[in-house]
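Reading the structure
For reference, the chains in residue letters:
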Amino acid sequence: MNGRNAVNSKPEQHLRSQLLSSGVSSAREKVIQQALDNVNRPGFKIEPSAILPLMKPVTWFPPMWAFACGVVSTGEDISSNWSILLRGIILAGPLMCAMSQTMNDYFDREVDAINEPERPIPSGKISKQASWLITFGLIMTGFLVAWSIHPYVMIIAFVGVLMSHAYSGPPLRAKRNGWFGNLIVGLAYEGVAWLTGSFAITQGVPAAESIALAVIFSIGAHGIMTLNDFKSVVGDTIRKVASIPVQLGEKKAAVLASVIMDIAQLAAISILLYKSSYITSGIALLLLLLQLPMQKILVDNPKEKAVWYNAFGTLLYVLSMMVCAVGIRP
């Protein structure tokens, strides 16, 4: 073995020992090693079938829903504003959220090679250079759609691009610390999308209650993002990404996520009570109570139940968002 090979083998041996200590099988280790080779391979490659998975459609729902909540909270007639609602939902999900996912996959490609080697870039279906072309196309299309709604909405979309880069890319790379990264995503996916929906319909400053709910549910989304990080613990630990589960351990992280989401919903219910919206506050409280036994299951077995809770428990959380949006309508 020459000197160069000896040097190159050291990090590979260290990675292998880390993977083995994390319980990764030898077959999985080979897949990961191949993925690590793929993520920085030069050249330009796009498999059309991998473009949609790169944009992660499963993540589009939260900002689309939040935009719709912002629209509903205004009390304006939706039937006469259906075009704005449709363009706004497309902007929030298939364009801006998809853009944030493709950008994140580029900057996270080496972590994804460990956590999700089947993702388009680690699997070699889309090269890192090609992923930037897709990201740029989404940004430009998003700006055009945003401008068609209102020039100010395009400014908001530009801020969204900056937030996405701050989360994923240098120099901030906020996602390397779960406390800050999760907050940025919560604000972008819930708060900014909610307030954009409110502004798009009225083209004026949103009501104080709407702003308050946008901020409250953004903070609550910090808990949702913490749960989303459970699937990446192995890669985050190896690559020194300080997600909440890595920092606190899985059980404490599950407790924290649940508490944050519950406090946010209690704060939202207090606004409904202040507005004398007793029916909607009762429905929101019922949705919260239904989450409590599910949260106990989560906390008892966070490693196995985080994905389950993210699928079912958070559904009740987002339903509460719409209930509260209805409750503050003028």
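Computed from a predicted model, the values in this text were never measured in an experiment.

Criteria and thresholds
Just so you know, the residues in each chain are numbered from 1, in the order the chain's sequence is written. For this predicted model, a pLDDT threshold of at least 70 governs which residues receive local features, and a threshold of 80 or more governs which side-chain atom pairs are given and counted, while totals over whole chains, interfaces and linings are taken from all residues. The basis for every side-chain value is the complete set of heavy atoms in the structure, and neither hydrogens nor water enter the calculation. Each helix is a run of H or I in the DSSP string that is no shorter than four residues. Each strand is a run of E no shorter than two, and both are numbered from the N terminus. Computation of the radius of gyration draws on C-alpha atoms alone. For the globule rule, the value is 2.2 Å times the number of residues to the power 0.38. For the exposure calls, accessible area comes from a 1.4 Å probe over protein chains only, and a residue counts as buried if that area is under 20% of its type's maximum, exposed if over 50%, partly exposed in between. In what follows, residue pairs with any heavy atoms lying within 4.5 Å of each other are defined as contacts. Per-residue and other accessible areas follow the Shrake-Rupley method at a 1.4 Å probe size, with only the shown protein chains counted as cover for residues. Charged residues are defined here as Lys and Arg on the positive side and Asp and Glu on the negative side; His and the ends of the chain fall outside this count. For the purpose of locating charges, the reference atoms are NZ of Lys, CZ of Arg, CG of Asp and CD of Glu. To define axes, lines are fitted to C-alpha atoms, for helices over the stretch in contact only, and angles between the resulting N-to-C directions are given on a 0 to 180 degree scale. What sets the label is the angle itself: under 35 degrees gives roughly parallel, over 145 gives roughly antiparallel, 65 to 115 gives roughly perpendicular, and the rest give oblique. Put simply, a crossing is left-handed when the front helix is turned counterclockwise from the back one by less than a right angle, and right-handed when it is turned clockwise. Here the term charged refers only to Asp, Glu, Lys and Arg, the term nonpolar to Ala, Val, Leu, Ile, Met, Phe, Trp, Tyr, Cys and Pro, and the term polar to all other amino acids, Gly among them. Take a side-chain nitrogen of Lys or Arg and a carboxyl oxygen of Asp or Glu: if they are within 4 Å of each other, that pair is a salt bridge. Residue types Ala, Val, Leu, Ile, Met, Phe, Trp, Tyr and Cys, when buried and joined through side-chain atoms within 4.5 Å, form a set referred to as a nonpolar core.

What about the overall build of the chain?
Looking only at helices and strands, the chain features 15 helices and zero strands. Computed over the C-alpha atoms, the radius of gyration of the chain is 21 Å, within 12% of the 20 Å expected from 2.2 N^0.38 for a compact globule of 330 residues. Seen through its principal axes, the chain has C-alpha atoms that stretch 75 × 45 × 30 Å. Across the 330 residues of the chain, 52% fall into the buried class. Expressed as a percentage of contacts within the chain between residues at least 6 apart in sequence, the contacts between residues at least 24 apart total 75%. Per element, the accessible surface of the chain, about 15,300 Å² overall, is 68% carbon and sulfur. Averaged over its 26 positive side-chain charges, the chain has a centre that lies 6 Å from the centre of its 20 negative ones.

Observations concerning the packing of helix H5 (residues 82-107) against helix H7 (residues 128-149)
Helix-helix packing is characterised by the crossing angle of the two axes and by the distance between the axes. Where H5 meets H7, the closest approach of the two axes is 9 Å, and the angle between their N-to-C directions is 155°. Classified by the angle their axes make, H5 and H7 are roughly antiparallel. Between H5 and H7 lies a crossing whose hand is left-handed. Across the contact of H5 with H7, the residue classes tally to 17 nonpolar, seven polar and two charged.

A few points about the packing of H5 against helix H9 (residues 178-202)
It is the contact of H5 with H9, at a shortest axis distance of 10 Å, that shows an interaxial angle of 155°. Taken as axis vectors, H5 and H9 run roughly antiparallel relative to one another. Relative to H9, H5 is oriented so that their crossing is right-handed. Touching Ile-84, Cys-97, Ser-100 and Gln-101 of H5 are Tyr-189, Ala-200 and Ile-201, all from H9. Along the lines of polarity and charge, the residues of the contact of H5 with H9 split into five nonpolar, two polar and no charged.

Things to note about the pattern of salt bridges
The final tally for this structure, using the stated rule, is seven salt bridges. The partner of Glu-47 in a salt bridge is Lys-45, with the nearest N and O atoms 3.6 Å apart. According to the relative accessible area criterion, Glu-47 is partly exposed, its value standing at 28%. Across the pair Glu-209 and Lys-275 runs a salt bridge, and its minimum N-O distance is 3.8 Å. Here Glu-209, found in helix H10 (residues 208-228), pairs with Lys-275, found in the loop between helix H13 (250-274) and helix H14 (278-300); they are 66 residues apart in sequence, far enough to count as distant. You can call Lys-275 partly exposed: its relative accessible area is 31%. Each of Lys-56, Asp-105 and Arg-119 takes part in one network of salt bridges that share partners.

Thoughts on the nonpolar core
Counting 45 residues, the largest nonpolar core has Leu-91, Met-99, Leu-138 and Val-161 as the members making the most contacts within it. Put simply, the parts of the chain that give this core at least two residues each are helix H2 (26-39), helix H4 (61-73), H5, helix H6 (109-115), H7, helix H8 (151-168) and H9. Ranked by residues supplied to this core, first place goes to H5 with twelve residues. Not counting the four nearest positions on each side in its chain, Met-99 is found in contact with Thr-135, Leu-138, Ile-139, Gly-160, Val-161 and Ser-164. Residues Val-72, Ile-224, Leu-288 and Tyr-309 belong to the second largest nonpolar core, which totals 40 residues.

Details of the side chain of Thr-280
Its location among the elements puts Thr-280 in helix H14. Setting aside residues no more than four positions away along its own chain, Thr-280 makes contact with Leu-272, Val-323, Val-326 and Gly-327.

Brief notes about the environment of Leu-315
Here Leu-315 lies in helix H15 (residues 302-327). On the basis of relative accessibility, which here comes to 41%, the residue Leu-315 falls in the partly exposed class.

So, to be careful, I would describe these as geometric facts and stop short of saying anything about function.
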